[in-house]
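Coordinate inspection notes
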Amino acid sequence: MMKQQSNINSLFHKRWLKFRLHKRGYYSLYITVILYALSFFLPLLVNKDPLLVRYDGNYYFPVFKYYSATTFNVGSNGEANYRKLKQSFKVKNNDDFVLMPFYPYGPTENLLDELNIIPPTKPSAVNWFGTDDRGRDVFARVLYGFNVSVSFGLLVTFFSFLLGTIAGALSGFYGGKTDMFFQRAVEVWAALPFLYLIIILSSIITPGFSLLTFILVLLNWVGITLYVRGEVLREKSKEYVFASYVSGSSKFRIITKHILPNSISPIVTFAPFAVVGNIALLVSLDFLGFGLQPPTASWGQLIQQGMSYPTLDRWWLIIIPLVFQFATLILIVFIGEGFRDAFDSKQYSRLK
Amino acid sequence: MKKILQILNLKTYFFTADEKSNKEIVLKAVDDVSLDVYEDEILGIVGESGSGKTVTAQSIMQLIPEPSGKIVSGEIFYKGEDILKRHGEELRKIRGKEIAYIFQETYSSLNPVLTIEEQICEVITTHLDKSYEEAAEISAGLLESMGIKDAADRIKDYPHQFSGGMRQRIALAMALAAKPALLIADEPTTMLDVTIQKQILDLFLSIKKNKTLTSVIFITHNLGLVSKYCDRVAVMYAGKIQEISAVEELIKSPLHPYTKGLLYASAFVKDKDNKVYTIPGNTPSLKELPQGCKFCNRCTETTDNCFIDEPPLIEIKPNHFVRCHLYREDDIK
């Protein structure tokens, strides 16, 4: 009871309450969190592997485990096509059944032998958003691409902010020569031609998800250092830091307990916008072919496939990923707006 | 009486560049100050802004911001040990544990994102071998004794939920949390209004009576407060001590013209035109101090010698020191 009372009065709780008043931001956060959480369960919702198969009195769970096609006595190598298996079971009309996910196509599976015409195919009742030029289902790819893009944006932002915050805090706290050294290093680092470097790097090594994240973190962390440094410089001159200093607290404690919690504003307010930037960056790298390598589900690749055709005949490959990207980015921008207003020390916005 | 703190020939200088000539100039913020603090006393340090009171206090705790400022020479003995020789970890064991420091600024002296409990406990757990729970209990008791009602509940509150006076009580509780022997209070009541000021200062007296705290250095520019709360008083001007004596003695028979000026300037003494007395002129800039006595260009009792030689600090009466040419060694008694 008492603990709760104290929470109500904490600065962060106040900011949270203020954030909730910002309806657009609050609901955007709500929707984004739910959608992102759901996207981790996509293998259960949108997948070529059934949740449950009953065959000859035994139960199989292909979603979680790989079974060779011979298990079900269809084909000799590879995995069974469960959609066909389902139809064959229906024909037999015995106790065997296949329980497919809600949308029975996977993101990396090519449907060449099920399509009657050469892919890409237009949206249809079977493949809701059509297929791409390798015959993969676009609906599945776009949804899995949401998870990949947001995860990528969050991870790059988290690690580059972590690195940037540590560097900025040390630079601001120690000041003097340390600061001088850090700032010059940051300036040199920031002056690297960012896009070219990634393009050169990814033409030498073909980056997977984690390697691309790592490269972008290394190039991205400098941005936030300047803000954290400024904030730390301001906070460290305040009396409460001095008070803690003269009462014998260690420097580590002063930085982590006193200065950083008070310097959190730029970190929190910049984070959503950084996520937006990183998602857009991933899409553009994928579009140029220097990002995640196929067959990873990616929006940029789809758009590239759509654009590579001289006319706009493959419109669905362009419009659908763009709409998804736009919707995701605008949700996150709304969250960012909400955070920004919540961390604004002015009680009411002047333009209301 | 036993000395708890002894400052010997302390010189703390600040180094800056002159705007025009771009030459380095030395500001002697504290110039050859020697001062003793005895056990069981409140020592007042009085002076105008820029007289070196705060720099003296910060030198004791080694808080001078380097590289612009530096303790050039001098020794500060705390319980017989030269604490200026301590650095790093060793120094941290003294700060807060042996000598505590509280500030003038009440509104920013507490961290806005931590509860009062967390902040007081931090001091206790840093210096004393206590768990957080034990520390929390001690903190609540401490706040209670600082005159905060419902301390057990209010300790979970955040700084913005307290008034200025309350915050200064909390700051005081924080300073006393690790049971220091010496408290340096740097204008602790300047930001508060007069009624709160009195309450806080009365609190000082009661703490000194009850606690392990033995001595207080009380820095202020208000001679009225000094006369009520201090045992001894040092008057500082331009980085030097001009007069030290027991409080009653200083109030009754001030010797230095500057001390006299300060006393006359208090609101209760009016001259024949019913105007409050003011000391002519302004505090001199440390960049252009006069040769000779530092007070000579504002003094009303100057002789020619005042402009040439700086007078030494001499003991005119027992335990009454003054730095002024009006008095000579052979005048004693």
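All values derive from a computational prediction rather than experimental measurement.

1. Thoughts on unusual backbone geometry
Residues and elements named next belong to chain B. With a phi angle near 45°, N9 is a residue other than glycine that sits in the positive phi range. Note that N9 resides in strand β1 (residues 3–17). One non-glycine residue, A238, adopts positive backbone phi at about 50°. Inspection of the secondary structure assignment puts A238 in the loop between β9 (232–237) and β10 (240–246).

2. Details of the environment of A:R15
Residues and elements named next belong to chain A. Looking at the secondary structure, you find R15 in helix α2 (residues 11–21). As a C-alpha pair, R15 and F214 span 199 residues in sequence and 32 Å in three-dimensional space. In contact with R15, other than residues within four places in its own chain, are I264, S265, A342 and F343.

3. A few points about the interface of chain A and chain B
Taken residue by residue, the interface counts 23 residues in chain A and 30 residues in chain B. Around 2400 Å² of area is buried between chain A and chain B when both sides are counted, 59% of it from carbon and sulfur atoms. Our count for the contact surface shared by chain A and chain B stands at 9 residue pairs in polar contact (both at pLDDT 80 or more). When residues of the side of chain A that touches chain B are traced back to their parent elements, those giving at least two are α1 (2–9), α2, α11 (239–246) and α12 (251–262) of chain A. The greatest single-element share of the side of chain A that touches chain B, amounting to 7 residues, is contributed by α11(A). Taken together, the residues of the side of chain A that touches chain B sort by class into 9 nonpolar, 10 polar and 4 charged.

4. A word on the side chain of B:N111
Relative to the helices and strands, B:N111 resides in the loop between β6 (99–102) and α3 (116–127). For B:N111, a relative accessible area of 0% translates into the label buried.

5. Some points on the sheet that holds β1(B)
Residue and element names in this part refer to chain B. Within the open sheet, the 4 strands sit side by side as β2-β1-β4-β5. Their pairing is antiparallel. Each having just a single partner strand, β2 (24–38) and β5 (81–82) make up the two edges of the open sheet. In terms of strand pairing, strand β4 (residues 69–78) meets β5 through 2 bridges, oriented antiparallel. Counted as the bridge partner of F77 is D82 from β5. Each of β1, β2 and β4 is contacted by helix α1 (residues 53–60), which is oriented at about 115° to β1, the strand it contacts most.

6. Quick word on the packing of α2(A) against helix α15 (residues 315–343) of chain A
All names here are of chain A. Between α2 and α15, the least distance of the axes is 8 Å, while the angle of their chain directions is 130°. With respect to each other, α2 and α15 are oriented oblique. Two packed elements cross with a definite hand, and for α2 against α15 that hand is right-handed. Between α2 and α15, the contacting residues are R15, K18 and F19 on the first element and I335, G338, F339, D341, A342 and F343 on the second. Among the residues making up the contact of α2 with α15, the classes are represented as 5 nonpolar, 1 polar and 3 charged.

7. Here we look at the domain arrangement of chain A
Domain parsing of chain A yields domain 1 (2–42 + 140–351) and domain 2 (49–100). Here domain 1 of chain A and domain 2 of chain A have C-alpha centroids that lie 44 Å from each other.

8. Section: the nonpolar core
Residues and elements named next belong to chain B. Formed by 60 residues in total, the largest nonpolar core has its most connected members in I116, I120, L143, L172, L183, F204 and F218. Sort the elements by how many residues they give to this core and helix α6 (residues 164–176) lands first, with 6 residues. If we skip the residues at most four places from it in the chain, L143 touches I116, I120, I148, A151, I155, I170 and A173. Core analysis: the second largest hydrophobic core is formed by 38 residues, I83, F103, L182 and I217 among them.

9. A word on the sheet that holds strand β2 (residues 58–60) of chain A
All names here are of chain A. The sheet built from 3 strands is open, its strands ordered β2-β1-β3 with antiparallel pairing. Sheet topology places β2 and β3 (97–99) at the edges, where each strand pairs with a single neighbour. Direction aside, the axes of adjacent strands within the sheet are offset by 15° on average. With 3 bridges joining them, strand β1 (residues 52–55) and β3 adopt antiparallel strand pairing. Looking across to β3, one finds that L52 is bridged to L99.

10. Some words on a negative patch on the surface
A grouping of B:D129, B:E133, B:E134 and B:E137 is seen on the molecular surface, where their side chains present a negatively charged patch. Topologically, B:D129 is positioned in the loop between α3 and α4 (132–145).

11. Quick notes on α4(B)
All names here are of chain B. Over its 14 residues, α4 runs 20 Å from end to end, which matches the ideal 20 Å to within 8%, given 1.5 Å per residue. Buried residues of α4: A135, A136, S139, A140, L142 and L143, and no others. Looking down the long axis of α4, one finds its buried residues gathered within 165° of arc, a one-sided arrangement. Relative to its buried face, α4 has exposed residues pointing more than 90 degrees away, namely E133 and E137. Elements in contact with the buried residues of α4: α3, α5 (151–154) and α6.

12. Description of the pairing of β2(B)
All names here are of chain B. Pairing geometry for β1 and β2, over 12 bridges, is antiparallel. Across the sheet, T12 pairs through a bridge with V30, a residue of β2. Hairpin connection, β1 to β2: the antiparallel pair is bridged by 6 residues, and N22 has positive phi, about 60°.

Rules of the game
Residues numbered from 1 in each chain as written. Chains lettered and ligands numbered in written order. Predicted model: local features only at pLDDT ≥ 70, side-chain atom pairs only at ≥ 80, totals over all residues. Heavy atoms only, no water. Helix = DSSP H or I, 4+ residues; strand = E, 2+ residues; numbered from the N terminus. Contact = heavy atoms within 4.5 Å. Buried area = accessible area lost by both parts, 1.4 Å probe. Polar contact = N/O pair within 3.5 Å; in protein donor to acceptor, adjacent residues only side chain to side chain. Nonpolar A, V, L, I, M, F, W, Y, C, P; charged D, E, K, R; others polar. Buried < 20%, exposed > 50% of the residue type's maximum accessible area, 1.4 Å probe, protein only. Pairing = 2+ DSSP bridges. Axes fitted to C-alpha atoms, helices over the stretch in contact; angles between N-to-C directions. Parallel < 35°, antiparallel > 145°, perpendicular 65-115°, else oblique. Left-handed = near helix turned anticlockwise from the far one by under 90°. Domains from an automatic or database assignment. Core = buried A, V, L, I, M, F, W, Y, C linked by side-chain atoms within 4.5 Å. Patch = residues over 30% accessible without salt bridge, like charges linked within 9 Å, V, L, I, M, F, W, Y side chains within 5 Å. Areas by Shrake-Rupley, 256 points an atom, 1.4 Å probe, with all protein chains shown as cover. Salt bridge = Lys/Arg side-chain N within 4 Å of Asp/Glu carboxyl O. Lys, Arg positive; Asp, Glu negative; His and termini not counted. Charge placed at Lys NZ, Arg CZ, Asp CG, Glu CD. Expected span 1.5 Å × (residues − 1). Arc of directions from axis to C-beta.

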